[in-house]
Amino acid sequence: MKILVINAGSSSLKYQLIDMDNEQMVCKGNCERIGDAGSFIGHKTADGREMKKEVVMPDHTAAFLQVKEALLDGEVGVISDLSEVSAIGHRIVQGGALFSESVLVDEKVIKGIESLIPLAPLHNKGHVQAIRGCYQVFGDSVPEVVVFDTAFHSTMPPKAYMYAVPYEYYEKYQVRRYGFHGTSHRYVSGEMAAKLGRDIKDLKLITCHIGNGSSITAVDGGKVIDTTMGLTPLDGFMMGTRSGSLDPSVVTFIAEKEGITPGEMSELLNKKSGLLGISGVSSDDRDVSKAEEEGNERAHLAHEMLYYQIAKFIGSFYVALGGCDGIVFTAGLGENQPQLREEVCGYLKALGVKIDSDKNLASKGKTGEISAEDSSIPVWVIATNEELVIARDTKALVEGK
């Protein structure tokens, strides 16, 4: 069985074809700048064949036509007939309180995703466009499944997901903590249990998805009890361009002083803050690290703030869990930045955490244990694989329907 995994944004469409017989990627690619001039598709196969071309893609339907052509292409294609694609799995960012698990797509499900657009305007709108575009290109004979980033976090208790604002806003607008990166947290928590050789139901884990967007999750017995991202992905700790949590009065103070609108403030907090805002260099940690090495004090400060904030959340989740059996680092920075892992874990000495520097360096960009033998808590780097989770859920639902 081959499953096409789709991750669509408002102007992009990433895809990956996975052979579920061996759970290996067959090909992957992306369509960028959909709806704009200069749109293009990039496509790469597992055996190294590549293609990139500029092509007009006014909407997601046009993008799916390009994906279809790439899959069947005489030079870079990986299938001989579209019937080889057994099902399609979509990543959906916001499932709200409507969706606590992955589901097969029908019109009711699409309407539900549409109803949540106010909670994730750019993401969910793009997801709906992709689902409908996919249907137009592949037809109704290929089943589609939606897998929600928020679903894994649906086990949080009210004391963790409610905000201390008037309750009427929860009732009227569903203002609450939802959490994101759930597919990644689900994958690495399961992998961590396997690495420890224990049933996840017996474990208390803290999973750290650290990238340009970042979140940390407390997982007790395979169930999420708390997470750092909130109503939107802006909450939590500082990220590439996001501010993370701050005193709400900072928002009103700056808005009044600068005379800016709510939309402009959202832009400032989501796209001009974080590593970029503090360092003044870049949102890319590689650029910030280079600047820090060259003596840039603001780049150094940005890193100090990031490491400290991550450690604070890990410490608070240790208390919330009542202990911890394992800590996981994953995603772009979590997997590839040994300095971040060492600095963060340096703050966790009070919990008995000890890092083996050699193992930490050796685990750059790959799965491996980085804690010392006498560390009270095992610490691992685990490469995430959200696409595989989506493919597994898709396969299970399609075969069980």
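For the structure, see preceding data.
Treat the numbers as computed from the prediction; the structure is a model and nothing was measured.

Asker: Whenever I open this one, the overall build of the protein confuses me. Can you help?
Answerer: Per the secondary structure count, the protein includes 15 helices and 14 strands. A compact globule built from 401 residues would reach a C-alpha radius of gyration of about 21 Å, and the protein, at 21 Å, matches this within 12%. Across its three principal directions, the C-alpha atoms of the protein cover 60 × 55 × 45 Å. The burial tally for the protein puts 50% of its 401 residues in the buried class.

Asker: Sorry if this is basic, but what is going on with the nonpolar core here?
Answerer: In a soluble, globular protein the nonpolar side chains are often hidden away together inside. Formed by 33 residues in total, the largest nonpolar core has its most connected members in Ile206, Ile216, Ile310, Ile314, Ile327, Phe329 and Leu340. Among the elements of the structure, β9 (204-209), β10 (215-220), α10 (285-293), α11 (297-321), β12 (326-330), α13 (338-346) and β14 (379-381) are those that each provide at least two residues to this core. Here this core gets 9 residues from one element, more than from any other, and that element is α11. Beyond its immediate chain neighbours, meaning those up to four positions away, isoleucine 314 contacts Ile206, Cys208, Ile216, Ile327, Val344 and Leu348. Counting 30 residues, the second-largest nonpolar core is a separate cluster that includes Ala8, Ile41, Ala62 and Phe64.

Asker: Would you take a moment to explain the packing of aromatic side chains for this structure?
Answerer: By convention here, two paired aromatic rings are described through the distance between centres and the angle between planes. According to the stated counting rule, one finds 8 aromatic pairs in the structure shown. With centroids separated by 6.2 Å and ring planes inclined at 90°, the aromatic side chains of phenylalanine 64 and phenylalanine 138 adopt a geometry described as edge-to-face. Highlighted residues: phenylalanine 64 in helix α1 (residues 60-72) and phenylalanine 138 in helix α3 (residues 121-138), separated in sequence by 74 residues. Neither residue differs from the other here; phenylalanine 64 and phenylalanine 138 are each classed as buried. Ring centres of tyrosine 161 and tyrosine 170 lie 6.4 Å apart, and the angle between their planes is 35°; this geometry places the pair in the tilted category. Since its relative accessible area comes to 23%, tyrosine 170 is described here as partly exposed. Grouping aromatic residues by their ring pairs yields a cluster made of Tyr161, Tyr167 and Tyr170.

Asker: Can you help me understand unusual backbone geometry in this one?
Answerer: Trans peptide bonds make up the majority, and among non-glycine residues the majority have a negative phi. Phi at glutamate 23 is positive, roughly 55°, even though this residue is not glycine. Secondary-structure assignment places glutamate 23 in the loop between β2 (13-19) and β3 (24-32). Relative accessible area serves as the criterion here: at 30%, glutamate 23 is assigned to the partly exposed category. With a phi angle near 60°, glutamine 174 is a residue other than glycine that sits in the positive phi range. Position of glutamine 174 among the secondary structure elements: in the loop between α5 (168-173) and α6 (182-196). Accessibility expressed as a relative area gives 35% for glutamine 174, which makes it partly exposed.

Asker: Teacher, can you tell me more about the packing of α1 against α3 here?
Answerer: Packed helices, taken two at a time, are described by the angle between their axes plus the distance between the axes. The interhelical angle for the contact between α1 and α3, taken along N-to-C directions, is 50°, at an axis separation of 8 Å. Taken as axis vectors, α1 and α3 run oblique relative to one another. Taken as a pair, α1 and α3 cross one another with a handedness that is right-handed. Judged by residue contacts, His60, Thr61, Phe64, Leu65 and Lys68 of α1 engage Gly126, Gln129, Ala130, Gly133, Cys134, Gln136, Val137 and Phe138 from α3.

Asker: Explain the packing of α11 against α13 here, please?
Answerer: Axis separation between α11 and α13 bottoms out at 9 Å; the angle between their running directions is 55°. In terms of orientation, α11 lies oblique with respect to α13. The crossing of α11 and α13 is right-handed. Facing α11, whose interface residues are Leu306, Tyr307, Ile310, Ala311 and Ile314, α13 presents Gln339, Leu340, Glu343 and Val344. Residues belonging to the contact of α11 with α13 are distributed by class as follows: 7 nonpolar, 1 polar and 1 charged.

Asker: I would appreciate a short explanation of the pairing of strand β4 (residues 40-45) in the present structure.
Answerer: Remark: a regular strand shows side chains that alternate across the two faces of the sheet. Judged by how many residues are buried, β4 sits mostly within the fold: 5 of 6 residues are covered. Pairing of β3 with β4, which is carried by 6 bridges, proceeds in the antiparallel orientation. Residue pairing in the sheet places cysteine 27 in a bridge with threonine 45 of β4. Joining the antiparallel neighbours β4 and strand β5 (residues 50-54) is a turn of 4 residues, in which glycine 48 adopts a positive phi near 95°.

Asker: Could you clarify how one ought to interpret helix α15 (residues 386-400) in this entry?
Answerer: Because an α-helix packs 3.6 residues into every turn, residues spaced three or four apart end up facing the same way. An ideal rise of 1.5 Å per residue puts 21 Å on 15 residues; α15 measures up with 21 Å between its terminal C-alpha atoms. Burial in α15 covers these residues: Glu386, Leu388, Val389, Ile390, Ala391, Asp393, Thr394 and Val398.

Asker: It is not clear to me how the side chain of serine 282 should be interpreted in this structure. Could you clarify?
Answerer: Inspection of the secondary structure assignment puts serine 282 in the loop between α9 (274-279) and α10. The exposure class of serine 282 is buried, given its relative accessible area of 12%. A polar atom in the side chain of serine 282 sits 2.9 Å from the backbone nitrogen of aspartate 284. Side chain to side chain, serine 282 and aspartate 287 meet in a polar contact 3.0 Å long. If sequence neighbours within four positions are ignored, serine 282 has contacts with Leu275, Leu276, Asp287 and Val288.

Asker: When you look at the sheet that holds β10 in this model, what are you seeing that I'm missing?
Answerer: Each strand in a sheet pairs with another by means of backbone hydrogen bonds, the pair being arranged parallel or else antiparallel. Read from one edge of the open sheet, 6 strands run β11-β10-β9-β12-β14-β13, paired in mixed fashion. The open sheet is flanked by β11 (223-227) and β13 (368-369), the only strands paired with a single partner. Pairing geometry for β10 and β11, over 4 bridges, is antiparallel. Its bridge partner being in β11, alanine 218 is matched across the sheet by aspartate 226. Relative to the sheet, α13 contacts β12 and β14, its axis offset from that of β12 by approximately 150°.

Cut-offs applied
- Every chain is numbered independently, its residues counted from 1 as its sequence is written.
- The predicted nature of this model means local features are confined to residues of pLDDT at least 70 and side-chain atom pairs, given and counted, to a pLDDT of 80 or more, with totals for whole chains, interfaces and linings taken over all residues.
- Excluded from the side-chain calculations are hydrogens and water; all other atoms, namely the structure's heavy atoms, are used.
- In this text, helices come from DSSP runs of H or I with a minimum length of four residues, and strands from runs of E with a minimum of two, each type numbered from the N-terminal end.
- Only the C-alpha atoms count toward the radius of gyration. The rule for a globule is 2.2 Å times the residue count to the power 0.38.
- Each residue is placed in one exposure class: buried if its accessible area under a 1.4 Å probe, protein chains only, is under 20% of its type's maximum, exposed if it is over 50%, and partly exposed if it falls in between.
- Definition of nonpolar core: a set of buried residues of the types Ala, Val, Leu, Ile, Met, Phe, Trp, Tyr and Cys, connected through side-chain atoms within 4.5 Å.
- Whether two residues are in contact is decided by their heavy atoms, any of which lying within 4.5 Å being enough.
- Each aromatic pair joins two rings of Phe, Tyr and Trp (for Trp, the six-membered one) with centres within 6.5 Å, and gets the label stacked for planes under 30 degrees apart, edge-to-face for over 60, and tilted for any other angle.
- In this analysis an axis means a line fitted to C-alpha atoms, helices contributing only their contacting stretch, and an angle means the value between N-to-C directions, from 0 to 180 degrees.
- For this classification, under 35 degrees means roughly parallel, over 145 means roughly antiparallel, 65 to 115 means roughly perpendicular, and everything else is oblique.
- Put simply, a crossing is left-handed when the front helix is turned counterclockwise from the back one by less than a right angle, and right-handed when it is turned clockwise.
- Here the term charged refers only to Asp, Glu, Lys and Arg, the term nonpolar to Ala, Val, Leu, Ile, Met, Phe, Trp, Tyr, Cys and Pro, and the term polar to all other amino acids, Gly among them.
- DSSP-based pairing: two strands are paired if at least 2 bridges between them are found.
- Expected span of a helix: the number of residues minus one, times 1.5 Å.
- Each polar contact in these results corresponds to two N or O atoms within 3.5 Å; when the atoms are within protein, one needs to be able to donate a hydrogen and the other to accept it, and residues that are neighboring in sequence are counted only if both atoms are side-chain atoms.

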